[in-house]
Structure formats: C-alpha cells, structure tokens
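# Residue-level structural notes
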Amino acid sequence: MEDNNYRLINMEDVVAEEVEWLWEGYIPIGKLTILQGDPGKGKTMAMLNLIAAFTTGRGMLEPPGSSMIREPINVIYQTAEDGLADTVKPRLEAAGADCSRVSVIDDRDKMLSMTDERLVWAIRETKAGLVVLDPLQAYLGEKVDMNRANEVRPRLKHLGDIAYENRCGMVLVGHLNKKETAKPEYKGLGSMDFTAAARSVILCAESPRDKDLRVLASTKCSLTYPPDPVAFRLSRERGFEWEGTYNITAEELLQSTSIKGQKTIEAKEFLAAELPAPGEYIPSTVLMEKAKEQKIAEKTLRNAMKDLGIESHKEADRWLTGYAI
C-alpha cells in the first residue's frame, strides 16, 4: 500500500553544516540549551549579563570564553518570575545592555507556551538571534506534566525545530531537583527528556570556596569539546563581575548545593590541612580527635578519606592514617 507520508533521506543528499555559536561551547545557534541552578544562585543574573554582551557587540569578549566578536543581535526574553519595570530593565541597564534590542512578548492576557505561534511571529518580526524562556516550566503549556516524557518530548522537539528554522539560540532556564546526587545528568527538574533534547546543558552554582563566586559549568556538550567552567562574582559592593575560567568540576559544584555535600567538602579541606605528605602518617586517634573538635562526623570523615585515597593501617600497637602511595 502506498503511503504519501513515507519519505527517505539519503545521506549523500545532505549538505554538511558547521555548528555556529553565540558562546562557543555553551550556547549553540539553532539548538536547545538549558541553564539550570538552584533559586537565588545567579543563573538569571548571568543570563541577563549574557544578553547585555550579545546585544552590544562585545558579545564574545565579555563574557570570557572566545576571542570571536560578532555583530549585535536582538533577543526575546520571557520571564514569568521577575517584573519587567522593577527588576529586568534595571538589571539589563546595570549590565550595559542595549535595551532597544530586547523584546518581550506581552502574555498578560494569555500565557505564552512553547508551542505558541506568537513565539515564531516574534522571532521573525524582531529577527531575534536568541530566545530565553525563564523558567522553562512556566512555558510548557496548561496541563502538561513536566515529569512525563511523552508530554514533554513533542514540545521540546517543536521548540528545537523553531530554533533551527530561524537560526537562533534557544535557552531554557530551569531549577534543580532535590535529589542527593553528584551526577549532573540527574539534577534537572522534570523528565530526563529535557537533558536529552538539549545539545548544551549549563549548571550555575555557588563555589564551595567563595560564597560570592558563582560558576557556569557545562554538564552536557554534544556539539564540541566541553568548555572550561567560567566564574562570575556577585557582591553587594560591586554587583556582577565576570572572573574568567575557574578550576572546578560540575560534580564538585553539585556537592556544594547540598548540606551533605558541603560537609564532605569541609572534611576534605580538614584532611588536606592535617595530613602530612604521601608516605607519611599520623596516629588515627589524633586525627579523629581533631575532626571531632571541628564537629566533623566520623562517617563523613571516612567518606572523604575514601574519595581522597587516604588509608589507615596498623603498625605495632597503633593505627596510622595517611595518603596511599
């Protein structure tokens, strides 16, 4: 039986294309990107400062990450959490954005969704090079369960098609779930299909080493080699400042988002300060007493020792602890 909807694509006929980037390694053009983090950790501030960079032509010099400079682009920024007049506009101005290049679809009468035709109309009217939906769950549509793959998948596919057909970056801003895991792929809120559909996933989290420092780290990068993490500072005195590349892993950042993870980090810092060089040992009882004084639980200390390759062995009538060699 003939089926008029049946069609084969022969790879010989496909014209190869190079991936283009708004921010190399982080935000591809024509693809979905997810920026995720806990509330209050700076992901929206980072996004608004990226918008400032993209709308002014200083795009790829600030933030750091590439020496490539491109023409200013127009941006559509949708937010369901912050006021335009008292929050978004002041933050864009503080970041030095060209606000004439930033548009918002008025959805006060009818909430915008990922499958809404107004999104395509706005992209084409403004010739937007970037669209941001913040937060992503607000734009799924009515009665859509973000934990159900069969409900989420077609909307993400539709959004990805819009990004590709209009050659724009598409960033979805989301929150993390409450699971105690250091595996980045399992920390996004909702169905795993969000992570699966995105070509780039970026974690925004507080540095465990500096409470004023936030880090953007790639947790999924399907189109090129993973980029180096980039840090920015949020302080009452100086506001937002890009700091440059930062030596930390996404797993370490995720540990810092939980009390359990923070305790493990503190235990590792304690061990690094107290233990001698590899091959040298100190009495285990002394180490345990010092840990107790620092209010570090024995179980937490032993988990940290295991992670760092620290061992204990008996010598004569006492136990000694140190780095394994």
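You'll find the structure just up there.
Below you will find a few notes about this structure. Model, not experiment: these values are computed from the prediction. (Residues numbered from 1 in each chain as written. Predicted model: local features only at pLDDT ≥ 70, side-chain atom pairs only at ≥ 80, totals over all residues. Heavy atoms only, no water.)

### Notes on the pattern of salt bridges
Worth spelling out the cut-off: Whenever a carboxyl oxygen of Asp or Glu lies within 4 Å of a side-chain nitrogen of Lys or Arg, that contact is scored as a salt bridge. Exposure classes here rest on a 1.4 Å probe applied to the protein chains alone. A residue is buried below 20% of its type maximum, exposed above 50%, and partly exposed in between. Secondary structure elements are taken from DSSP: a helix is a run of H or I of four residues or more, a strand is a run of E of two residues or more, and numbering for both begins at the N terminus.
One pass over the structure, following the stated rule, counts 17 salt bridges. In this structure, aspartate 212 and lysine 211 form a salt bridge, with 3.6 Å as the shortest nitrogen-oxygen distance. Using a relative accessible area of 26% as the deciding quantity, one classes aspartate 212 as partly exposed. Since its relative accessible area comes to 59%, lysine 211 is described here as exposed. Between glutamate 274 and lysine 290 there is a salt bridge; the shortest N-O distance is 3.1 Å. Remark: lysine 290 occurs in helix H8 (residues 284–293) and glutamate 274 occurs in helix H7 (residues 259–274); sequence separation between them is 16 residues. Exposure remark for lysine 290: the relative accessible area of 33% places this residue in the partly exposed category.

### Here's the deal with a nonpolar patch on the surface
Rules: Patch building starts from residues that exceed 30% relative accessible area and form no salt bridge, then joins like charges within 9 Å and nonpolar side chains (Val, Leu, Ile, Met, Phe, Trp, Tyr) within 5 Å. Per-residue and other accessible areas were derived by the Shrake-Rupley procedure at a 1.4 Å probe size, with only the shown protein chains allowed to occlude residues.
Taken together, Ile9, Met11 and Val14 make up a surface patch of nonpolar side chains, about 330 Å² in accessible area. Mapped onto the fold, isoleucine 9 is located in the segment before strand S1 (21–23).

### Examining the packing of helix H1 (residues 43–56) against helix H2 (residues 84–95)
Threshold: Note on geometry: axes are C-alpha line fits, over the in-contact stretch for helices, and angles between N-to-C directions span 0 to 180 degrees. Our angle categories are set so that under 35 degrees counts as roughly parallel, over 145 as roughly antiparallel, 65 to 115 as roughly perpendicular, and the remainder as oblique. Less than a right angle of anticlockwise turn of the near helix away from the far helix marks a crossing as left-handed, whereas a clockwise turn marks it as right-handed. Any two residues whose heavy atoms approach within 4.5 Å are treated as being in contact. Each residue gets one label: Ala, Val, Leu, Ile, Met, Phe, Trp, Tyr, Cys and Pro are nonpolar, Asp, Glu, Lys and Arg are charged, and the others, such as Gly, are polar.
Close contact between H1 and H2 brings their axes to 9 Å; oriented N to C, the two are set at 55°. With respect to their mutual orientation, H1 and H2 come out oblique. The way H1 lies across H2 gives a crossing that is right-handed. Across from Thr44, Met45, Leu48, Asn49, Ile51 and Ala52 in H1, the residues of H2 making contact are Val88, Arg91, Leu92 and Ala95. Residue composition of the contact of H1 with H2, by class: seven nonpolar, two polar and one charged.

### Focus: the packing of aromatic side chains
Selection rule: For Phe, Tyr and Trp, rings pair up if their centres lie within 6.5 Å, where Trp contributes its six-membered ring, and each pair is then called stacked (planes under 30 degrees apart), edge-to-face (over 60) or tilted (otherwise).
Per the counting criterion, the structure on display carries five aromatic pairs. Ring centres of phenylalanine 232 and phenylalanine 240 lie 4.8 Å apart, and the angle between their planes is 20°; this geometry places the pair in the stacked category. Classification of phenylalanine 240 as buried rests on a relative accessible area of 16%. Ring centres of phenylalanine 232 and tryptophan 242 lie 5.8 Å apart, and the angle between their planes is 70°; this geometry places the pair in the edge-to-face category. Residue phenylalanine 232 is found in strand S10 (residues 230–235), and its partner tryptophan 242 is found in strand S11 (residues 239–245); the two are separated by 10 residues along the sequence. Considered together, phenylalanine 232 and tryptophan 242 belong to a single accessibility category, that of buried residues. Taken together through their ring pairs, the aromatic side chains of Trp23, Tyr26, Phe232, Phe240 and Trp242 make up a single cluster.

### Considerations on the side chain of aspartate 134
The condition is simple: A residue counts as positive if it is Lys or Arg and as negative if it is Asp or Glu; His and the chain ends are not included. Any pair of N or O atoms that falls within 3.5 Å is considered a polar contact. Within protein, one atom must be able to donate a hydrogen and the other to accept it, and sequence-neighbouring residues count only if both atoms are side-chain atoms.
Considering the arrangement of structural elements, one finds aspartate 134 in strand S6 (residues 128–134). As a buried residue without a salt bridge, aspartate 134 has its nearest oppositely charged side chain in lysine 43, at a separation of 6.3 Å. Within polar-contact distance, the side chain of aspartate 134 engages the side chain of threonine 44 at 3.0 Å.

### Considerations on the sheet that holds strand S14 (residues 318–323)
Sheet strands pair by backbone hydrogen bonding; their relative direction is either parallel or antiparallel. Threshold: Should DSSP find at least two bridges between two strands, the strands are taken to pair.
Strand order across the open sheet formed by three strands is S12-S14-S13, with antiparallel pairing between neighbours. Both edges of this open sheet fall to strand S12 (282–283) and strand S13 (310–315), since each of them pairs with a single strand only. Here S12 pairs with S14 via two bridges, running antiparallel. Of the residues in S14, the one forming a bridge with proline 283 is leucine 320.

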